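Analysis of the macromolecular model
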Amino acid sequence: MEAALNSTDLLVFEVNREKFEVPEIDPSTTLLEFLRSRTRFKSVKLGCGEGGCGACVVLLTKYDPVLKQVENITVSSCLTLLCSVNGCSITTSESLGNSKDGFHPIHQRFAGFHASQCGFCTPGMCMSLFSALVNAEKRPSLDASPGDSKLTVSEAEKAISGNLCRCTGYRPIADACKSFAADVDMEDLGINSFWEKGDSKEVRVSKLPAYNPRDHAFPYTEVFKDECLAARLLNSNKHSWYSPVTIEELQSMLQSDKNGTRIKLIVGNTGDGYYKETEKYDKYIDLRYIPELSVVRMDNSGIEFGATLSISKVVQYLREKSKANFDTGEDMVFTKIAEHMEKIASGFIRNSASLGGNLLMAQKKYFPSDIVTLLLAAGSSVSILTGDKRENITMEKFLGRPPLDPKSVLLSVHIPFLEPTRVDGSVQTSSRLLFETYRAAPRPLGNALPYLNAAFLADISLNKNGILVNSVRFAFGAYGTEHSIRARKVEKYLAGKILNVGVIDETVKLVKGDVVSKDGTSHAAYRSSLAVGFVFAFLSSFPSVASSISGNSSEELNGSLLERAAEFNECGNISPNGNLPLLSSAKQVIKSCRDYYPVGEPMPKYGAAIQASGEAVYVDDIPSPPNCLHGALIYSTKPLARVKSISFKSNSQANEVAAVISVKDIPGEGENIGSLAMFGPEPLFAGDVTRCAGDLLAFVVAATQKNANLAAKMALVDYDTEGLDPPILTVEEAVQKSSFFDVPPFMHPAKVGDFSKGMAEADHKILSAEEELGPVSLAFGRVMEVCETISICVMLFVGFWESSLGNKIKLGSQYYFYMETQTALAVPDEDNCMVVYSSSQCPEFANRVIARCLGFPEHNVRVITRRVGGGFGGKGLKSMPVATACALAAHKLRRPVRIYLGRKTDMIIAGGRHPMKITYSVGFKSNGKITALHLDILINAGITQDISPAMPTFIIGAFKKYNWGALSFDIKVCKTNLISRSAMRGPGDVQGTFIAEAIIEHVASLLSMEVDTVREINFHTYESLKLFYRSASGESIEYTLPSIWDKVERTSSFVQRVKTTEQFNQVNIWLKRGISRVPIVHEVLVRPTPGKVSILSDGSIVVEVGGIEMGQGLSTKVQQVTAYALSLIQCDGTEDLVEKVRVLQTDTLSLVQGGFTAGSTTSESSCEAARLCCQVLVERLAPLKEKLQEEMGSVKWDVLILQSNQQNVNLAANAYFIPDSSSSQYLNYGAAVEVNILTGETTILRADIVYDCGQSMNPAVDLGQIEGAFVQGLGFFMLEEYLHNSDGLVVTDSTWTYKIPTIDTIPKQFNVEVLNSGHHHKRVLSSKASGEPPLLLAVSVHCATRAAIKAARKQLKSWGGSEGTDLVFQLDVPATMPVVKQFCGLDTVETYLKYLLSKS
Ligand SMILES: Cc1cc2nc3c(=O)[nH]c(=O)nc-3n(C[C@H](O)[C@H](O)[C@H](O)COP(=O)(O)OP(=O)(O)OC[C@H]3O[C@@H](n4cnc5c(N)ncnc54)[C@H](O)[C@@H]3O)c2cc1C
Ligand code: FES
Ligand code: FES
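This text gives an overview of the structure that appears in the document. (Residues numbered from 1 in each chain as written. Chains lettered and ligands numbered in written order. Predicted model: local features only at pLDDT ≥ 70, side-chain atom pairs only at ≥ 80, totals over all residues. Heavy atoms only, no water.)

Here we take up the overall build of the protein chain. Of the regular secondary structure elements, the protein chain holds 48 helices and 47 strands. In the protein chain, buried positions account for 64% of the 1400 residues. Once local pairs closer than 6 in sequence are excluded, the contacts in the protein chain between residues at least 24 apart make up 77%. Working note: accessible area of the protein chain is about 49700 Å², and carbon and sulfur atoms make up 51% of it. (Helix = DSSP H or I, 4+ residues; strand = E, 2+ residues; numbered from the N terminus. Buried < 20%, exposed > 50% of the residue type's maximum accessible area, 1.4 Å probe, protein only. Contact = heavy atoms within 4.5 Å. Areas by Shrake-Rupley, 256 points an atom, 1.4 Å probe, with all protein chains shown as cover.)

This is the structure in structure tokens:
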């Protein structure tokens, strides 16, 4: 047999042109595991391990035996099984180019466009782009200009739509990608290091690193191609992997197996990204080599797709087919199916995910499939093989059967050609088929499961009465149902009906009855209202289609049609902005300042190119030392319970475990300490009783990371809760039990003015029951009293009480989602020492904690951090237990131990942002001026203090941005049995800013005033600023907020756009827009930081600083400042000093007192520390320089240093920068959003940011921080839903459930101006921080969404709606699609139809 002849036992493939021959391997090994543990290619990163982030993307080149061609596709190496790459070639980013052989233009452009910050996502991004370029080349035409590539702008943007980046905000990445596009307008590309202002288009093109597809594209060696063409198939007992080439061979493999053999049929293995199977199989059967399963057959009845065809191939085929045969029913069906399928997962998943795999997941495991819904509506059928029996059954039957037997094989899927029915009648027109598909998902372009999907087919014709519905097929799926369904009742009802409002109304009612989520489904009512919305949108499109059918029909018919169309036109525009480009335009305005050259230059980020090529070394890229073990954390899933024992599910698992380290293993002289903050130490492991879900119980150590992870996952923890109090999970419970953390007196924020006096001056009041009035019943009485006495307020207060929660705000948490999860490597050293490599924002504290845990003096521990793959606060305290557990295990086992946390564990133990509940009382004048405000804030701090006692200061710091008249507050830091919350970018400030805006909006709504006016009226004067901010307010000239406010109005054409927004809302029923501009004030604290600068004999320089490089550009700024400060020696050759500066990794024994890299100011303080060192060096060098100058006329830097060396000048200097005051910062911005009322989808049309950066040290770096922080804030306010179960265990614990922004959710137009507000003598070289404050600006998107919702609610009211029409409401954070839709009205369609019916 052919297969036997060509089969091999040896797994052979190529990685970056190196051949690998693997004689034996566990078949569940993924390509990623192999690359990272068995090769030197570390550019492939693990971000999620489930296909959801793109950090692991590689290019796979293989020979397609069916198409007889070589194909290049991206795949996620975390899901691709190694055995399935037999005969393939793999390309990773380091082989495109590198620091030794020269970088690839992709790497150079990523660096030059400032598209890499922490760099952890960058190699994956580069590979996604590279694949798009390689594949564009295969196209025959399209004039290639800029980079000589055939890529289009749209393809360039879409190439990276499945890749996540948590740092950049995507805009610069999009620019780097688009710079390769043939149709790009150079003017549209943003700030970069290649060209200068004023360069012509031609010059710009010439300055870009040249890209030539011939030189840069081909990743496949000819030798390997021959090998691959020989197609030796892996059929191996050793690997337990089989590749049958015929159905008969497959049948005999399946049948020959004894019962009990666990068999897994495999195609792309992407299903594992969802199910994450832990079961081990005896046999893996790769179905991809059976030609019958991968062919496409077309006959008169339709198209048949082999089950192993990838989704990408099916899409490609459907598109080609529909191009060939435009304007037929099937053409429409195929096009729509293809369009919809392109929103499934991401390109790199679709390339390996098979059609059959998707159907099987839906059939066997109730996966919420899109494809099944599409195929149901298209009337498809499937062909199945069970034993020797082949069957063709309809999709509906297939779904309705019990889960398919593991030995049954899905062979193919048949999509029939659809013919419109002929209609008999007195007036007859040909009928027309309509096919439309829908999906509502948090990300428009995919990489997110839908809340609901739907596909509708209708056959309609015209008769004299109007539009006749001959038949319909309505399929719905993914709404919390076992599998997709046909809405039979609706279909039956509509068949034969003439479409009118009454019929739509009845249809909608039936849809609601058919689409019902099963119990426990989240957002069930929302999903059902989506179904209504989609059906309504579909039926509303009939008149326009019908008018195209009418063509030559009689006048009578056309007349009646026009009437129908007019009726339906009232439905308004219901198609969302589906076809807008992802990022239609972006403008960046920066002003560099050359006072301190090269400080102020927009230099590319230090190390960006090696980050792109994947050569940058993160902790987990450090090769494992000999005998290294790997660890994983076992955490509690219960909030408060005794742990009786920990065991493993099976003996084999237990055998693979090298050790289980727990509190008992802490040496006698050591301490159970896992982290240390200013408020004290926190334990590493839970004691006898767990304190929260996520509490660390033990650290399991095994030979590989995979085994350790598996052991941790399969650990059985025996809990006992008898006799224990119930856990405290909410702030309300904490209040009841008086469970609070103390806030030290020096941490108490100061109140301002006299609250009672301020209230007495108010014309109107919103009163907080708890704070002002005691018990609620009393409060009600008092408010009514107020209402009676202040007549103007009566209506308003009634409104307030009706919306009862009007003055209560709840804010949830946010997970860091750094792309690199927590990681550490601990290596025991001689004489009881321990070297720990940790991805940490505060190695100094990690050093202390490890020393205390092990009972060592601090000098026995050395913590080294070179770079961090994203921190955002999460690698502060939360990195310490991870490093400490590793060190403890390494100490006990006398072997190196490392850990790279799985994403799920990371999400569960990370904690994230502080949730809180806020109630307020506010008094205000009739003109909107607020006279007094009192806040009651309950912060849910979780189980330990962490930084929580500082939260009141942070919240109030940002909250004081308005002049509240008098301000008082009562802030309680609640101790609960939840995982401890920690600092996350802008901790407290984000919430403070939000609360301020919510109150302003509340006041404006009650007074029916423009929110913008109320904001302005409450702006600080410099006098009030001083009152609120005291010394941090700086000098009056530094109060730039009012001028920035005006500037944003001008540059964003705010007033004009407010008018346009109003006009838009008047004419659009189903889309509403809102616009908002929001000021922020952010108080920052500069911390002491050490530095050390050393000059080597050749004049090159090394710098060490306390701050850690985590993507924020700290090293780049330090490099620039060092070059500037040393250039003050004023000798020749210092112009390019910046290239001689290398910033070293942080080493806690080399530089002590490093402190925390946090609070946005560590770049500044590290720069200042370096500057102080340079000052010392310049002073030391100056006498010699003077002398040499006198002797030689001029002195070169190199000569000066050489001479200094010879004359024993000390060329190393240390400094410890201690700031003398705090500083504050003022910013401002405006944004516009569009809300789709049918789905709750929010599109951010435009954002304009004006940001005061002082005199930016590096405007490109600061711009990156501004955009990145804004987009992270966007995630908090709009997307990132952070949920627990009833035990407080985080359940949004994967990329499936936790959605950070992607390129398709950022503003369509994204304009940023980095304002140079000139000289600030108190700040480091006049600069201001940029890391955290811009995150606060994203509150404007939320405010604009609220404005759009208001417009929707007004409209709902005009239709006679009652529920949800109150204009005073608190919009939840995050304002996800279900939330927005709920606030717009879940029954808008029904209310509208009722309204139409009442009119007729
Ligand atoms: C990140 C991500 C996002 C996704 N988003 C979506 C989405 O939005 N909408 C959507 O519809 N889908 C989505 N998917 C699902 C995706 O379409 C499926 O994972 C994929 O199609 C499965 O194909 P596969 O070849 O990888 O199957 P595999 O993982 O190889 O197999 C899946 C299962 O099917 C069995 N199997 C496969 N082929 C056959 C066959 N021919 N006969 C019998 N048994 C077979 C396997 O034994 C296994 O049990 C997503 C997947 C990922 C990873
Ligand atoms: S690590 Fe593979 S997609 Fe995230
Ligand atoms: S640069 Fe993209 S995740 Fe950090």
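Here the narrative resumes.
The next thing to look at is the side chain of threonine 931. By the secondary structure assignment, threonine 931 is in strand β37 (residues 930-942). Only 2.8 Å separates the side chain of threonine 931 from the backbone oxygen of glycine 758, close enough to count as a polar contact. For threonine 931, the residues in contact, after removing those within four places along its chain, are Gly758, Glu761, Ala762, Gly923, Phe924, Lys925, Trp964, Gly965 and Ala966. (Polar contact = N/O pair within 3.5 Å; in protein donor to acceptor, adjacent residues only side chain to side chain.)

It is worth spelling out the environment of proline 896 at this point. Looking at the element boundaries, proline 896 is found in the loop between α33 (880-893) and β35 (897-900). Put simply, proline 896 and histidine 630 are 266 residues apart on the chain and 8.5 Å apart in space, counted from C-alpha to C-alpha. With residues near it in sequence (within four places) discarded, proline 896 still touches Pro625, Pro626, Asn627, Cys628, Leu629, Ala826, Val827 and Pro828.

Right, let's talk about the site of ligand 1 for a bit. Around ligand 1 sit 33 residues in total, of which Leu265, Gly268, Thr270, Ser354 and Asp370 are the nearest. At 2.6 Å, a side-chain N or O of threonine 270 approaches an oxygen atom of ligand 1. Between ligand 1 and the protein, one listed contact pairs an oxygen atom with a side-chain N or O atom of serine 354 at 2.6 Å. Out of a free accessible area of 970 Å², ligand 1 has 96% covered by protein chains. At the level of elements, β9 (263-266), α16 (355-365), α17 (370-377) and β15 (409-416) are the ones that each hand at least two residues to the shell around ligand 1. With four residues, the top contributor of residues to the shell around ligand 1 is α16. (Near = heavy atom within 4 Å.)

Here we take up the pattern of salt bridges. The full count for this structure, using the stated rule, is 63 salt bridges. Arginine 166 is the salt-bridge partner of glutamate 1280, the closest N and O atoms lying 2.7 Å from each other. Taken as a pair, glutamate 1280 in the loop between α44 (1259-1279) and β47 (1309-1315) and arginine 166 in the loop between α6 (153-159) and α7 (171-178) lie far apart in primary sequence, 1114 residues in all. In this pair, the class of glutamate 1280 matches that of arginine 166, namely buried. (Salt bridge = Lys/Arg side-chain N within 4 Å of Asp/Glu carboxyl O.)

Let us look at helix α2 (residues 31-38). Looking only at α2, the buried set comprises Leu31, Leu32, Phe34, Leu35 and Arg36. Elements in contact with the buried residues of α2: β2 (11-15), β3 (18-22), β4 (57-64) and β6 (89-91).

The final tally for this structure, using the stated rule, is zero disulfides. Free of any disulfide, cysteine 177 has its nearest neighbouring cysteine sulfur in cysteine 126, separated by 8.1 Å. The buried category is assigned to cysteine 177, whose relative accessible area is 0%. (Disulfide = S-S within 2.5 Å.)

The next thing to look at is the packing of helix α36 (residues 989-1007) against helix α46 (residues 1339-1358). Relative orientation of the contacting elements α36 and α46 amounts to 25 degrees, with a least axis distance of 10 Å. The orientation of α36 with respect to α46, classified from their angle, is roughly parallel. Judged by the twist between their axes, the crossing of α36 over α46 is right-handed. Facing α36, whose interface residues are Thr993, Phe994, Glu997, Ala998, Glu1001 and Ser1005, α46 presents Val1339, His1342, Cys1343, Arg1346 and Lys1350. Across the contact of α36 with α46, the residue classes break down as four nonpolar, three polar and four charged. (Axes fitted to C-alpha atoms, helices over the stretch in contact; angles between N-to-C directions. Parallel < 35°, antiparallel > 145°, perpendicular 65-115°, else oblique. Left-handed = near helix turned anticlockwise from the far one by under 90°. Nonpolar A, V, L, I, M, F, W, Y, C, P; charged D, E, K, R; others polar.)

Another point: the packing of aromatic side chains. In total, this model carries 45 aromatic pairs according to the counting rule given. Aromatic side chains phenylalanine 456 and phenylalanine 538 sit 5.2 Å apart centroid to centroid with 55 degrees between the ring planes, which places their arrangement in the tilted category. Of the two residues, phenylalanine 456 sits in strand β17 (residues 452-463) while phenylalanine 538 sits in helix α21 (residues 524-540), which places them 82 residues apart along the sequence. Of the two residues, phenylalanine 456 and phenylalanine 538, both sit in the buried class. Plain terms: the ring middles of phenylalanine 1369 and phenylalanine 1383 are 5.5 Å apart, the flat faces sit at 40 degrees to each other, and that makes the pair tilted. In this pair, phenylalanine 1369 sits in the loop between α46 and α47 (1377-1384) while phenylalanine 1383 sits in helix α47, placing the two residues 14 residues apart along the sequence. Residue phenylalanine 1369 is classed as buried on the basis of its relative accessible area, which comes to 10%. Site record: aromatic cluster; members linked through ring pairs are Tyr438, Phe456, Phe474, Phe476, Phe534, Phe538 and Phe542. The lysine or arginine in question, arginine 848, covers the ring of phenylalanine 845, its NZ or CZ lying 4.4 Å from the ring centre. (Phe/Tyr/Trp six-rings, centres within 6.5 Å; stacked < 30°, edge-to-face > 60°. Lys NZ or Arg CZ within 6 Å of the ring centre and 35° of its normal.)

Proteins that are soluble and globular tend to have nonpolar side chains buried together. Phe110, Phe398, Phe699, Leu935 and Trp964 are the most contacted members of the largest nonpolar core, which totals 279 residues. Discounting chain neighbours no more than four positions away, the residues touching tryptophan 964 are Ile930, Thr931, Ala932, Leu933, Phe959, Ala996, Ile999, Ile1000 and Phe1028. By size, the runner-up hydrophobic cluster in this structure holds 48 residues, among which are Ala458, Val490, Val508 and Ile1069. (Core = buried A, V, L, I, M, F, W, Y, C linked by side-chain atoms within 4.5 Å.)

For asparagine 463, the location among the structural elements is in strand β17. The buried category is assigned to asparagine 463, whose relative accessible area is 17%. A polar contact of 2.8 Å, which involves the side chain of asparagine 463, links it to the backbone nitrogen of asparagine 465.

Another aspect to go through is the pairing of β15. Looking along a regular strand, one sees the side chains alternate between the two faces of the sheet. Buried residues dominate β15, accounting for eight of its eight residues. As judged from the five bridges shared by strand β12 (residues 302-306) and β15, these two strands associate in the antiparallel manner. Of the residues in β15, the one forming a bridge with glycine 302 is proline 416. Of the strand pairs in this sheet, strand β13 (residues 381-386) and β15 are connected by five bridges, and their pairing is antiparallel. Bridging across to β15, serine 383 finds its partner in serine 412. (Pairing = 2+ DSSP bridges.)

Our focus in this paragraph is the pairing of strand β18 (residues 466-477). Along β18, ten of the twelve residues are buried, which leaves the element largely enclosed by surrounding structure. When β17 meets β18, the two strands line up antiparallel, connected through eleven bridges. Bridging from a neighbouring strand, leucine 462 pairs with isoleucine 467 of β18. In textbook terms, the turn of a hairpin is the stretch between consecutive antiparallel strands, and for β17 and β18 this stretch comprises two residues. In terms of strand pairing, β18 meets strand β19 (residues 485-486) through two bridges, oriented antiparallel. What sits directly across from alanine 475, in β19, is arginine 486.

This brings us to a negative patch on the surface. Together, Asp1132, Glu1135, Asp1136 and Glu1139 make up a negatively charged patch on the protein surface. Structurally, aspartate 1132 is set in the loop between α41 (1114-1127) and β42 (1141-1143). Residue classification places aspartate 1132 among the partly exposed residues on the basis of a relative accessible area of 35%. (Patch = residues over 30% accessible without salt bridge, like charges linked within 9 Å, V, L, I, M, F, W, Y side chains within 5 Å. Lys, Arg positive; Asp, Glu negative; His and termini not counted. Charge placed at Lys NZ, Arg CZ, Asp CG, Glu CD.)

Closest axis-to-axis distance for the helix α32 (residues 843-854)/α33 pair is 9 Å, and the angle between their directions is 40 degrees. By the angle between their axes, α32 is oblique relative to α33. In the crossing of α32 with α33, the sense of the turn from one axis to the other is right-handed. Mapping the contact onto sequence places Phe845, Ala846, Val849, Ile850, Cys853 and Leu854 in α32 and Met880, Ala883, Thr884, Ala887, Leu888 and His891 in α33. Here the residues of the contact of α32 with α33 sort into ten nonpolar, two polar and no charged.

Our focus in this paragraph is unusual backbone geometry. Of note, the amide linkage connecting valine 1373 to proline 1374 takes the cis form, showing an omega dihedral of 0 degrees. Locating proline 1374 in the fold gives a position in the loop between α46 and α47. The phi angle at phenylalanine 872 is positive, at roughly 55 degrees, despite the residue not being glycine. Of note, the phi angle at glutamine 1130 is positive, near 60 degrees, even though the residue is not glycine. Here glutamine 1130 shows up in the loop between α41 and β42. A relative accessible area of 58% places glutamine 1130 in the exposed class.

Another point: the sheet that holds β19. Pairing within the open sheet is antiparallel, and its four strands lie in the order β16-β17-β18-β19. The strands lining the two open edges of the sheet, one partner per strand, are β16 (432-440) and β19. Alignment of β16 against β17, held across nine bridges, turns out to be antiparallel. Each residue of the ladder has a partner; that of leucine 433, found in β17, is aspartate 459. Together, β16, β17, β18 and β19 form the strand contacts of α17, whose direction differs from that of β17 by roughly 20 degrees.

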